[in-house]
Amino acid sequence: QVRLVESGGGLVQAGGSLRLSCVASGNIFRVASMGWYRQAPGKQRELVAQIIDGTNAKYEDFVKGRFTISCEVAENTVFLQMNSLQPEDTAVYYCHADVASQVGSWPYGYFGQGTQVTVSS
């Protein structure tokens, strides 16, 4: 089993910044990718950003230029620096990781419990 633990959410005014962190632990042979999803009330969970093999970062259009994803590969940790936050960014943010637990196994996707981000206007 793999466990993902997020931290860093909170309440911030529009235009402010927050930094989310997520650590993966457990039965890990290789982390193929790590990333962040979010889910606002009444909406489906959506991808925000992901980083593949520790180097290839991808962003959804609605966060490009405002959010930055990074990771510490050796620590199985991923960060999301969120700048210029807007009320529409309010959501529960979930860490996600694709993890292979042994040699030759296919990566399996895991989610964390989520951390609330609230942006006031």
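See the structure printed just above.
These notes cover the structure that comes with them. Here the residue numbers are simple positions, counted from 1 along each chain's written sequence. Totals for whole chains, interfaces and linings use all residues, but because this is a predicted model, local features are given only for residues with pLDDT of at least 70 and pairs of side-chain atoms are given and counted only at 80 or more. Heavy atoms from the whole structure form the basis of all side-chain values; hydrogens and water molecules are not counted.

1. Details of the state of the cysteines
We count it as follows: By disulfide we mean two sulfur atoms from cysteines, separated by a distance within 2.5 Å. By the criteria applied, helices consist of DSSP H or I runs no shorter than four residues and strands consist of E runs no shorter than two, each listed in order from the N terminus. Type-normalised accessible area, obtained with a 1.4 Å probe on protein chains alone, sets the label of each residue: buried when under 20%, exposed when over 50%, and partly exposed for intermediate values.
On inspection of all chains with the given rule, the structure shows 1 disulfide. Note on cysteine connectivity: Cys22 is disulfide-linked to Cys95, with sulfurs 2.1 Å apart. Linking Cys22 and Cys95, the disulfide has an S-S dihedral of approximately -85° and is accordingly described as left-handed. Remark: Cys95 occurs in strand β9 (residues 91-100) and Cys22 occurs in strand β3 (residues 18-26); sequence separation between them is 73 residues. The pair formed by Cys22 and Cys95 is uniform in burial state, with each residue classed as buried.

2. Looking at the nonpolar core
Here is the rule we go by: For our purposes a nonpolar core is just a set of buried Ala, Val, Leu, Ile, Met, Phe, Trp, Tyr and Cys residues, chained together by side-chain atoms within 4.5 Å. Throughout, a contact is declared for two residues whenever any of their heavy atoms are within 4.5 Å.
Counting 29 residues, the largest nonpolar core has Trp36, Leu80, Met82 and Tyr93 as its most contacted members. Looking at this core, the elements with two or more residues in it are β1 (2-7), β3, β4 (30-39), β5 (46-52), β7 (67-72), β8 (77-82), β9 and β11 (115-120). Looking at this core, the element that brings in the most residues is β9, giving 5 residues. Those residues within four positions of Met82 in sequence are excluded, and the remaining contacts are Gly16, Ser17, Leu18, Leu20, Arg66, Phe67, Tyr93 and Val117.

3. Examining the pairing of β8
Both faces of the sheet carry side chains from a regular strand, because those side chains alternate between them. Operational definition: Here a strand pair is declared whenever DSSP counts at least two bridges between the two strands.
For β8, a buried count of 5 out of 6 residues is recorded, marking the element as mostly surrounded by other parts of the structure. One ladder, built from 6 bridges, connects β3 with β8; its direction is antiparallel. If you follow Ser21 over to β8, its bridge partner there is Phe79. Of the pairings in the sheet, the one linking β7 to β8 comprises 6 bridges and is antiparallel in character. Its bridge partner lying in β8, Ser70 is registered against Phe79. Between the end of β7 and the start of β8, which pair antiparallel, lie 4 residues, with Asn76 showing a positive phi angle near 50°.

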